[in-house]
Amino acid sequence: MIKTVPTKPFEGQKPGTSGLRKKVSVFQQAYYAENFIQSIFDGLEGFKGKTLVIGGDGRYFNREVIQTTIRMAAANGFGRVLTAKGGLLSTPAASHLIRKSKAFGGIILSASHNPGGPDGDFGIKYNAGNGGPAPEKMTEQFFANTKKISSYKISDGADCNLDKLGTSKIEGMTIEVVDPVSDYQKLMETLFDFDAIKTLFKSGFRVRFDAMHAITGPYGHAILEGALGAPKGSVVNGTPLPDFGGHHPDPNLVHAKELYDLMMSASGPDFGAASDGDGDRNLIIGKNQFVTPSDSLALLAANAHLAPGYAKGLAGVARSMPTSCAVDRVAAKLGIKCFETPTGWKFFGNLLDAGMITLCGEESAGTGSNHVREKDGLWAVLLWLNILAKRQQSVVEIVREHWASYGRNYYSRHDYEEVDAEAANKMMVFLRDKLPNLKGEKAGALAVSAADDFAYHDIVDGSNTANQGIRIVFEDGSRVIYRLSGTGTAGATLRVYVEKYESKNLGLETQAALSDLIGFARGIAGIAERTGRMEPTVIT
Ligand code: G16
């Protein structure tokens, strides 16, 4: 039976960079998840009888909200729900399933790289029929709906058996539980030279893929160890756990330190990689060579033609504004366009849909292509393996050759986590006010040539997005950028991005190469005085 349950608005159900993310305890309040899901459905038009994909990264509370979402989808009039065994779908696999099944859209339950478990984070986001995160206009509508919601619709039918593949019904709506990996694997087989990668593994090449007890474990086992023949044990932490084994599933040098240390040791394998909670981010480390996400994007763009799926070349590329300009140099050499978008994968969607770009990426460990409308961690790993198999060189050789021909964009991000939100906001206002007076200011010998608050005009749909980060550009193209994170769940996270281009000095230590710019960034914003923090929490 379908019930209409009275409810009332909750404060602050505003979706951030990637949907609504809050502590599990917040989502566990009565009707909290229901309110947001109903606000999403109320913001959509024309879905009656259509298909909705539902999946999550397996974190604590995933199963409960999947059942709730299924019951609410039935009550609101969807014709079919597609979900995967255990309710587990990586974000890129969900994007693919939406596209392949021509679904109306999808609900993805994840807080991405944020910690899980009862004290961790949870999240809900909506992806549209193109497989990509809902555009700004839609998320604004969802938010507006949360402020006026008075009831939600739900079926009181029984729970769906998520552990058995097959079809069942609730209120006349069909529920199909599918295998989470097989469709995604088939897609990867169309893009990459699996035979070449198999031969690479047969030759003794060794890989370690750290799935961080998150969603990519089953995908890694099936594709890397199964289809491609990497030795068993190449995939570690491959069983998804609701609390990610107590770890923080963020594939960076802090949270994947064990992998990093192994890759820097004499006994390490040839190639190391990791992916995050929901499988859309990637970390790439060669033997003795960490590859920054910005460099990885540039390297993949320069070498993508070596994979069958990209053999015809790239239509164009895109990067988020804070991502280093390394890929711009590759685009210039290839004679293709490079677009600069605000942070957030949703901004790539229109460019991908319009066929204007093939590859895109962000400094926050996300790289992807037109094969889905999300960034894709395992895809990036497979493209790297395809390139390594074809070039028959090590990661370090490929990276060094790249820098030798394009120069090197030294790059680092300094994060100040859980700072007082009011202090952080005030600092951004202070910087914004200071913009007109920054020209000519010096960082060491370098002078500021331009400064703005990044605004984006989407040439596909004509929309404008303002206040996307304070950007200070120096005369040699070096940059200092300030932005407040849109994915944190406690206080504010201030991100300071620092970049310097060098055409000749290619072997410097990164923080040393950037030291003048780092001192400048801290000084003009008054970070210590305003936030009480002398040093960042995380440096990547
Ligand atoms: C999300 C978006 C990314 C974006 C990142 C930024 O990542 O999907 O496109 O780069 O947020 O995070 P922040 O606002 O904290 O800098 P994810 O992996 O958390 O979904």
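The structure we're discussing is the one just above.
Procedures and definitions
- All chains use their own residue numbering, which begins from 1 and follows the written sequence.
- The predicted nature of this model means local features are confined to residues of pLDDT at least 70 and side-chain atom pairs, given and counted, to a pLDDT of 80 or more, with totals for whole chains, interfaces and linings taken over all residues.
- Only heavy atoms go into the side-chain values, all of them from the structure, while hydrogens and water stay out.
- Salt bridges are defined by distance alone: a side-chain nitrogen of Lys or Arg within 4 Å of a carboxyl oxygen of Asp or Glu.
- Helix numbering and strand numbering both begin at the N terminus, where a helix is a DSSP run of H or I of at least 4 residues and a strand a DSSP run of E of at least 2.
- Think of it in three bands: residues with accessible area under 20% of the maximum for their type are buried, residues over 50% are exposed, and the middle band is partly exposed, with areas taken using a 1.4 Å probe on protein chains only.
- Here, nonpolar core refers to any group of buried Ala, Val, Leu, Ile, Met, Phe, Trp, Tyr and Cys residues whose side-chain atoms link them within 4.5 Å.
- Where a domain begins and ends is set by an automatic assignment or by a domain database.
- Whether two residues are in contact is decided by their heavy atoms, any of which lying within 4.5 Å being enough.
- DSSP bridges decide pairing: two strands pair if at least two such bridges lie between them.
- Here, expected helix span is obtained from the residue count minus one, scaled by 1.5 Å.
- Counted as a polar contact is a pair of N or O atoms within 3.5 Å, where, for protein atoms, one must be capable of donating a hydrogen and the other of accepting one, and residues adjacent in sequence contribute only when both atoms are in side chains.

With that settled, consider the pattern of salt bridges. Inspection of the entire model under this criterion finds 29 salt bridges. One salt bridge in this structure joins Arg 80 and Glu 176, with 2.8 Å as the shortest N-O distance. Residue Arg 80 is located in strand β4 (residues 80-88), and its partner Glu 176 is located in strand β9 (residues 173-178); the two are separated by 96 residues in the primary sequence. Overall, Arg 80 belongs to the partly exposed group, its relative accessible area being 23%. The exposure class assigned to Glu 176 is partly exposed, which follows from its relative accessible area of 23%.

Moving on: unusual backbone geometry. Look at Glu 171: it is not a glycine, yet its phi comes out positive at around 50°. By secondary structure assignment, the location of Glu 171 is in the loop between β8 (166-170) and β9. Positive phi is not limited to glycine here, since Ala 365 has a value of about 70°. One can find Ala 365 in the loop between β17 (359-362) and β18 (366-369).

Of all hydrophobic cores here, the largest spans 71 residues; its most connected members are Met 188, Phe 192, Phe 271, Trp 379 and Leu 385. A total of 11 residues in this core trace back to one element, the largest contributor, which is helix α13 (residues 377-391). Residue-level mapping places this core at the junction of two domains, with at least three residues from each of domain 1 (2-179) and domain 2 (183-406). Not counting residues up to four positions away in its chain, the partners in contact with Met 188 are Phe 194, Ile 223, His 371, Asp 376, Trp 379 and Leu 382. By size, the runner-up hydrophobic cluster in this structure holds 40 residues, among which are Tyr 32, Leu 44, Met 72 and Val 81.

Here the focus is the sheet that holds strand β27 (residues 538-539). Strand order in the open sheet formed by seven strands is β20-β21-β24-β25-β26-β19-β27, and the pairing between neighbours is antiparallel. The sheet is open, and its two edges are formed by β20 (442-443) and β27, each paired on a single side.

The next point concerns helix α3 (residues 62-76). The end-to-end C-alpha separation of α3 is 21 Å, in line with the 21 Å expected for 15 residues at 1.5 Å each. For α3, the tally of buried residues reaches 13 of 15 residues, placing the bulk of the element in the interior.

Looking now at the environment of Tyr 482. With respect to the helices and strands, Tyr 482 occurs in strand β25 (residues 479-484). Judged by relative accessible area, which is 0%, Tyr 482 ranks as buried. Between the C-alpha atom of Tyr 482 and that of His 414, which follows or precedes it by 68 residues, the distance is 9.7 Å. Side-chain polar atoms of Tyr 482 contact the backbone oxygen of Ala 521, separated by 2.7 Å.

The buried fraction of β9 amounts to five of the six residues, a majority that puts the element mostly inside the structure. Bridge count between β4 and β9: five bridges; the pairing is parallel. Each residue of the ladder has a partner; that of Ala 84, found in β9, is Val 178. Bridge count for β8 against β9 is five bridges, and the pairing is antiparallel. Bridged to Ile 170 within β9 is Met 173. Connecting the antiparallel pair β8 and β9 is a turn made up of two residues, with Glu 171 showing a positive phi of about 50°.

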